[in-house]
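Here are the chains, one letter per residue:
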Amino acid sequence: MWAFFLEFRVKKVLLVSLLLASVANAGVLIESEGVVVTEADFNKYVKHNLPEDQRAKYLSKKENVERTIENLMLLKFAATKAKQNGSLDQADLAWRTDYYRDGLLMNEDIKAFIAENVKEDAILKAAKEEYSANLDEHRTKQKVSVSHILIKSESEFGSVEAKAKEILSKVKRGEDFTKLAVEYSEDPSVARNSGNLGYFGKGAMVKEFEDAAFALKSEGDVSELVKTKFGYHILKLNGMQPERQLGFEEVQDKLTNAIRSKLQTQYRNEYIENLKSELKSQGVNIYTDSVNKLIIADE
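### Quick notes on the overall build of the chain
Along its length, the chain carries 12 helices and 8 strands. A buried classification covers 28% of the 299 residues belonging to the chain. For the chain, contacts bridging at least 24 residues in sequence account for 61% of all contacts bridging at least 6. Accessible area of the chain: about 20600 Å², with a carbon and sulfur share of 52%.

Here it is, written out as C-alpha cells:
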C-alpha cells in the first residue's frame, strides 16, 4: 500500500514514531508536486480523530502510521484536483465551510460547558449512592449449566419415547454422555456444542426444560425424560452458579457510564435552553412572510 505513492514521485517519506518525534525538512512527512503532509497535519489528525487512551496502541504499529499519512496525502491531493477542476461552486464551498466551522465551535463550547458541570468525583459518589440504594438490582441470578440430548423422531427403537428411553438407559449404564449426544441428539446445535448448552438463568428455556434443569442438585446428575414441544430431552448437570450480591467494583463502570451519559445529555440540553433564553432576551426579529415562503404546501 505504501509503495503506491511511488507513482506520485514522492521525494521523501519519513515514518512517525510513537512519540511523534521531530522530523527533517521542517516537519514534512511526504510531498508530491506541491501537495504536502506535515507532522503538524499528522498530529492534529491524531488529536481530533483518535481517543487519547487508544493513541499509543494505534501509533505503535508502523502500518497504522503509514496508512494515516497515506490517507491525509490522498485527501489533500484530491482536494487540489477538485480546486483545479472547478468541481465545487466556491460560494457553496465557503458556506459549507462556515457551517462546519460553526458546528465545531458550538460543539467545543458544549463540551466545555459539560466539563464544567460534570465532575468525575460527583459521578463516583452518585454511583455509590445508587448502588447502596438498589442492592437487589445488583445481584446475579442463579444459573445452571447443562448438556442435553434431544430426541424428536422415531427410529429402530420404535416410538420417539421408546428411542429416548433406550438412550437414557445407555446414560444410566455409564456410557459417555457427550458421545451419546453427538451420536443421537437431534438438536441442530449439537454439531458445534456437543450438547453442552452452557450457563443460563430462569426464563431462558421452555418451562418443562427449565424446571428439570434447576431440579438437578449435583454436578453429573442426570434427569429422567423431559417432554417439551420440541421432543424428549435427557439433561445432565455440568455446574451451578448460585445467586450472589455483586460488589460495587463489579458494577462501577456500568453505573458511572450510565450516570455520566445521563448528565452529559442533561447539560447538553441545558446549554441549548440557555442559548434560546439568551437569544430571546436580546431580541430576535422573525420575518414571517419570508419564512412562510419556504413552507411547501402538503399535496
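### Here's the deal with the sheet that holds strand E6 (residues 226-228)
Strand order in the open sheet formed by 4 strands is E5-E4-E7-E6, with antiparallel pairing between adjacent strands. Two strands bound the open sheet, and with one partner strand each, they are strand E5 (196-201) and E6. The sheet shows a mean angle of 45° between the axes of neighbouring strands, taken without regard to direction. Pairing analysis gives 3 bridges linking E6 to strand E7 (residues 231-241), with the strands arranged antiparallel. Its bridge partner being in E7, Val226 is matched across the sheet by His233.

### As for the pairing of strand E1 (residues 28-32)
Most of E1 is tucked away: 4 of the 5 residues are buried. Relative to strand E2 (residues 35-38), E1 runs antiparallel, the two sharing 4 bridges. Bridge pairing links Ile30 to Val37 in E2. Linkage of E1 to E2, two consecutive antiparallel strands, is achieved through a turn of 2 residues, within which Glu33 is found at a positive phi near 50°.

### Considering the confidence of the model for the chain
Detailed reading of the predicted coordinates is not advisable wherever pLDDT is low. Here the chain averages 89 in pLDDT, while 90% of its residues score no lower than 70. Scored below 50 in pLDDT, residues 6-24 shows 40 contacts in the model against residues more than four places distant or in partner chains.

### Some points on helix H5 (residues 90-117)
Counted at 1.5 Å a residue, the expected span for H5 with its 28 residues is 40 Å, and the 41 Å between its end C-alpha atoms agrees. Those residues of H5 that fall on the buried side of the exposure criterion are Ile110, Phe113 and Ile114. Check the buried side of H5 and you find it contacts helix H11 (248-282). You can read the cap of H5 off the contacts: a side-chain oxygen lies 3.1 Å from the backbone nitrogen of Ala91, and it is on Asp89.

### Describing unusual backbone geometry
Phi angles above zero are rare outside glycine, and Glu33 is one such case at about 50°. A relative accessible area of 59% places Glu33 in the exposed class. In this structure, Ser194 takes a positive phi of about 55° despite not being glycine. Relative to the elements of secondary structure, Ser194 occurs in the loop between helix H9 (190-193) and E5. Under the relative-accessibility criterion, Ser194 is labelled partly exposed at 29%.

Conventions we followed
Residues numbered from 1 in each chain as written. Predicted model: local features only at pLDDT ≥ 70, side-chain atom pairs only at ≥ 80, totals over all residues. Heavy atoms only, no water. Helix = DSSP H or I, 4+ residues; strand = E, 2+ residues; numbered from the N terminus. Buried < 20%, exposed > 50% of the residue type's maximum accessible area, 1.4 Å probe, protein only. Contact = heavy atoms within 4.5 Å. Areas by Shrake-Rupley, 256 points an atom, 1.4 Å probe, with all protein chains shown as cover. Pairing = 2+ DSSP bridges. Axes fitted to C-alpha atoms, helices over the stretch in contact; angles between N-to-C directions. pLDDT = per-residue confidence, 0-100. Expected span 1.5 Å × (residues − 1). Polar contact = N/O pair within 3.5 Å; in protein donor to acceptor, adjacent residues only side chain to side chain.

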